[in-house]
Amino acid sequence: MSEQDKLTIHVDGQWRSAASGATRDILDPADATAFAVVAEGGAEDADAAIAAARKAFGQGQGEWPRTPVAERAALLRRVADLLQRDREELALLESRDAGKTLEEGRVDVDCVTDAFRYFADLVVNESGGRVVDAGSPDIHSVVVHEPVGVCALITPWNYPLLQASWKVAPALAAGNTFVIKPSEITPLSTVALVRLLVEAGLPAGVANIVTGPGDPVGARFAEHPDVGLVSFTGGLVSGTKVMRAAADSVKKVALELGGKNPNVVFADACATAEGFDTAVDQALNAAFIHSGQVCSAGSRLIVEESLRERFVTELARRAERIRLGRGTDPDAECGPLVSAAQLARTEDFVASALAEGAVLRAGGERPTEPDLRDGWFYRPTVLDRCHRRMRVVREEVFGPVLTVETFRTEDEAVALANDTEYGLAGAVWSADAGRARRVAARLRHGTVWINDFHPYLPQAEWGGFGKSGIGRELGPAGLAEYRESKHVYQNLAPRPVRWFKG
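Residues numbered from 1 in each chain as written. Predicted model: local features only at pLDDT ≥ 70, side-chain atom pairs only at ≥ 80, totals over all residues. Heavy atoms only, no water.

Student: It is not clear to me how the environment of Val-123 should be interpreted in this structure. Could you clarify?
Tutor: Looking at the secondary structure, you find Val-123 in helix H4 (residues 102-124). For the pair Val-123 and Arg-72, spaced 51 residues apart in sequence, the C-alpha to C-alpha distance is 8.8 Å. Not counting residues within four places of it along the chain, the set of residues in contact with Val-123 comprises Val-69, Ala-73, Ala-173, Leu-479 and Arg-483. (Helix = DSSP H or I, 4+ residues; strand = E, 2+ residues; numbered from the N terminus. Contact = heavy atoms within 4.5 Å.)

Student: Can you help me understand the packing of aromatic side chains in this one?
Tutor: Two aromatic rings, taken as a pair, are described by how far apart their centres are and by the angle between their planes. Per the counting criterion, the structure on display carries eight aromatic pairs. Judged by centre distance (5.1 Å) and plane angle (70°), the rings of Trp-166 and Tyr-456 are edge-to-face. Here Trp-166, found in helix H5 (residues 160-173), pairs with Tyr-456, found in the loop between strand E18 (447-450) and strand E19 (469-470); they are 290 residues apart in sequence, far enough to count as distant. The exposure class assigned to Tyr-456 is partly exposed, which follows from its relative accessible area of 24%. Among the aromatic residues, those joined into a ring-pair cluster are Trp-166, Trp-449, Phe-453, Tyr-456 and Trp-462. Its guanidinium or amino end placed over the ring of Tyr-159, Lys-100 lies 3.7 Å from that ring's centre, counting from NZ or CZ. (Phe/Tyr/Trp six-rings, centres within 6.5 Å; stacked < 30°, edge-to-face > 60°. Buried < 20%, exposed > 50% of the residue type's maximum accessible area, 1.4 Å probe, protein only. Lys NZ or Arg CZ within 6 Å of the ring centre and 35° of its normal.)

Student: Even after reading the chapter, I still don't get helix H11 (residues 340-355), so can you show me in this structure?
Tutor: Think of an α-helix as 3.6 residues a turn; residues three or four steps apart then line up on the same face. The terminal C-alpha atoms of H11 lie 23 Å apart, and with 16 residues this matches the ideal 22 Å at 1.5 Å per residue to within 8%. Lining the buried residues of H11 we find strand E15 (381-384), helix H12 (391-394) and strand E16 (401-407). Taken from the residues just after H11, Gly-357 is the one with a positive phi, measuring 110°. (Expected span 1.5 Å × (residues − 1).)

Student: Can you walk me through the sheet that holds strand E14 (residues 359-362) in this structure?
Tutor: Whenever strands of a sheet pair, they do so through backbone hydrogen bonds, lying parallel or antiparallel. Strand order in the open sheet made by the seven strands is E14-E15-E16-E13-E12-E17-E18, with mixed pairing throughout. Each edge of the open sheet is held by one strand with a lone partner, namely E14 and E18. Pairwise comparison of adjacent strand axes, ignoring direction, gives a mean angle of 25° for this sheet. For strand E12 (residues 262-265) and strand E17 (residues 425-429), the ladder comprises three bridges, and the chain directions are parallel. (Pairing = 2+ DSSP bridges. Axes fitted to C-alpha atoms, helices over the stretch in contact; angles between N-to-C directions.)

Student: In this structure, what is going on with a nonpolar patch on the surface? I would like to understand it.
Tutor: A cluster of nonpolar side chains, contributed by Val-497, Trp-499 and Phe-500, occupies part of the molecular surface with about 490 Å² of accessible area. Positionally, Phe-500 belongs in the segment after strand E20 (483-491). The exposed category is assigned to Phe-500, whose relative accessible area is 70%. (Patch = residues over 30% accessible without salt bridge, like charges linked within 9 Å, V, L, I, M, F, W, Y side chains within 5 Å. Areas by Shrake-Rupley, 256 points an atom, 1.4 Å probe, with all protein chains shown as cover. Salt bridge = Lys/Arg side-chain N within 4 Å of Asp/Glu carboxyl O.)

Printed below as a string of structure tokens:
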């Protein structure tokens with residue numbers, strides 16, 4: 001790699017190395033070898049990026065905040081076109097960086113494209129403000145929206161490009177400037193996205209990126225008084241630190257902190273051969289897409305007791321047949337975990353589950369094939385006979401581990417599904433439409449699928465209840481996160497009030 005390739009910090013329109021000169025190797029999770037090097041930024045780089053973003057915002061008078069909405073939308077559409085132009089290159093980058101299959105990478109690029117186009121359409125089709133009836137023809141009252149200012153965006157390692165787009169697109173659509181810190185483990189596609197923003201014509205200082213660790217870069221973003229909003233996606237522990245750091249400057253905070261997501265299957269969903277096949281297939285997809293490294297993964301299978309043995313037997317059989325491999329291998333169905341630490345964490349969870357009485361039905365080990373030994377692979381794992389007191393059932397694993405619980409009644413199914421401190425997503429499977437909607441209405445989760453799992457729409461809000469976070473991404477509410485509301489009250493016929501008589 002050339003020295004130019006190591007310039008992954010972008011501040012005020014210029015690509016640069018870290019102020020300290022430090023770098024970090026980026027490892028391929030399929031074989032643990034270094035295949036890229038990036039700048040390892042620090043607090044000094046974070047401060048420089050924030051200063052550039054603040055200058056570009058200019059108290060709302062900078063070039064980008066004053067750019068007409070139609071022009072901002074046009075830039076977002078140009079970015080979307082560039083994403084499709086570079087679709088294969090970006091998918092490959094995401095595959096090597098995060099370990100996911102190449103096809104998953106392609107899907108991610110398409111979803112990112114959809115997000116940019118959605119927010120472009122959303123802002124350009126808005127009205128000029130919400131008129132408020134003040135009860136008098138002499139009063140013109142309207143609520144308008146303005147950009148927050150400098151937005152600090154901190155993204156996770158599992159969906160680097162996708163999660164960046166969910167923040168970058170609405171931030172720019174609203175007229176903000178931003179600083180972004182991708183995960184230090186998977187920064188490459190976010191660097192590529194910033195390059196596309198520059199190519200699309202975004203003014204200098206509007207988009208700034210600092211590659212580096214959460215401490216000090218992310219911590220500095222969260223605490224800095226010139227940042228008006230911090231949007232963080234990641235783990236619960238880190239999210240609470242971000243919230244504490246942001247408190248002193250009373251900035252806006254948006255947090256997406258993951259989940260422990262139930263997939264509830266009623267026996268009537270499997271009354272036909274087709275229904276059974278579909279429910280089993282979707283349970284596999286729910287748990288093992290991207291090796292389970294998904295905040296909305298359906299890692300908790302909650303199945304009706306009368307169906308349990310038949311369902312879990314078939315599920316385990318199919319799980320054992322999932323083909324592991326490097327993401328660029330066209331035959332691979334599931335890639336490696338993202339890091340050695342994530343592999344060790346997954347192994348620890350499985351060991352604790354077995355010690356607490358879970359029954360191993362599939363997986364539970366690293367693969368032994370020679371071409372997989374050097375990577376961070378773990379076989380898709382099915383743990384039967386689980387219960388709510390087990391650590392593996394209560395805590396987010398972020399690995400290819402599916403737990404099985406059972407219920408006998410509808411009330412018991414709902415109670416199990418809601419018995420979590422998280423509340424991001426969940427699903428219910430039933431051939432009884434009334435029952436399915438009834439259960440969905442009772443689930444305390446931000447997204448509920450009926451007879452499906454995982455799809456999302458850019459026009460529908462994404463976020464969770466409880467410890468799954470604060471605020472929403474996507475949809476109109478996702479744009480609102482990056483705005484301040486202002487009430488403008490105009491008296492068309494001013495006259496003295498005479499409250500004071502003197």
